Amino acid sequence: MDSARAIENLLYLYAERVDAGDLDGVAALFEHGSVVGHEGPAAVREMYAATVRLHEPTGRPLSHHVVSNPIVDVDEAAGTATCRSRFTVLQATPDLPLQAVAAGRYVDTFTRVDGTWWFATRSMRLDLTGDLSQHLLG
């Protein structure tokens, strides 16, 4: 698999793990990185646990993150890469009919460690919001 494809797969794996409520799995993607200034897996997991509403009995956020339009730029020699992409968050709960609740942009950097690509940094920009009451805490 080429580097750009491996990086795209990280984008989709992140979305899959968030939607599954797998906060440990999300945090593991940042073994060598940070999300909006939260450095390393423990801090990343803590941030998601404090912000994402997990619904009982499933323990999932009842969301569906769609990641699109990835623009990947890889520097093979340096083992680094950047990516800009878009996200749309759909959600349906017992109290909220299916709808888009958020849309925005990810700006990511990546690093290759021992031949494997990892997130180095992730920043998020929320451009459009809907009813986030069932998606986020607080």
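Conventions used here
- Residues numbered from 1 in each chain as written.
- Predicted model: local features only at pLDDT ≥ 70, side-chain atom pairs only at ≥ 80, totals over all residues.
- Heavy atoms only, no water.
- Phe/Tyr/Trp six-rings, centres within 6.5 Å; stacked < 30°, edge-to-face > 60°.
- Helix = DSSP H or I, 4+ residues; strand = E, 2+ residues; numbered from the N terminus.
- Buried < 20%, exposed > 50% of the residue type's maximum accessible area, 1.4 Å probe, protein only.

1. Let's talk about the packing of aromatic side chains
Right, on to step 1. Enumeration over the complete set of coordinates arrives at 7 aromatic pairs.
Right, on to step 2. Taking 6.4 Å as the distance between ring centres and 85° as the angle between the ring planes, the aromatic pair formed by Tyr-14 and Phe-30 counts as edge-to-face. With Tyr-14 in helix 1 (residues 3–20) and Phe-30 in the loop between helix 2 (23–28) and strand 1 (34–35), this pair connects stretches of sequence that are 16 residues apart. Across the pair, Phe-30 and Tyr-14 agree in class, each one buried.
Right, on to step 3. Seen from their ring centres, Tyr-14 and Tyr-106 are 5.8 Å apart, and the 80° between their planes marks the pair as edge-to-face. Linking Tyr-14 in helix 1 with Tyr-106 in strand 5 (residues 96–113), this pair joins segments that are 92 residues apart in sequence. Take Tyr-14 and Tyr-106: they sit in the same class, and that class is buried.
Right, on to step 4. Each residue in the set Tyr-14, Phe-30, Tyr-48, Phe-87, Tyr-106, Phe-110 and Phe-119 is aromatic and connected to the rest through ring pairs, giving one cluster.

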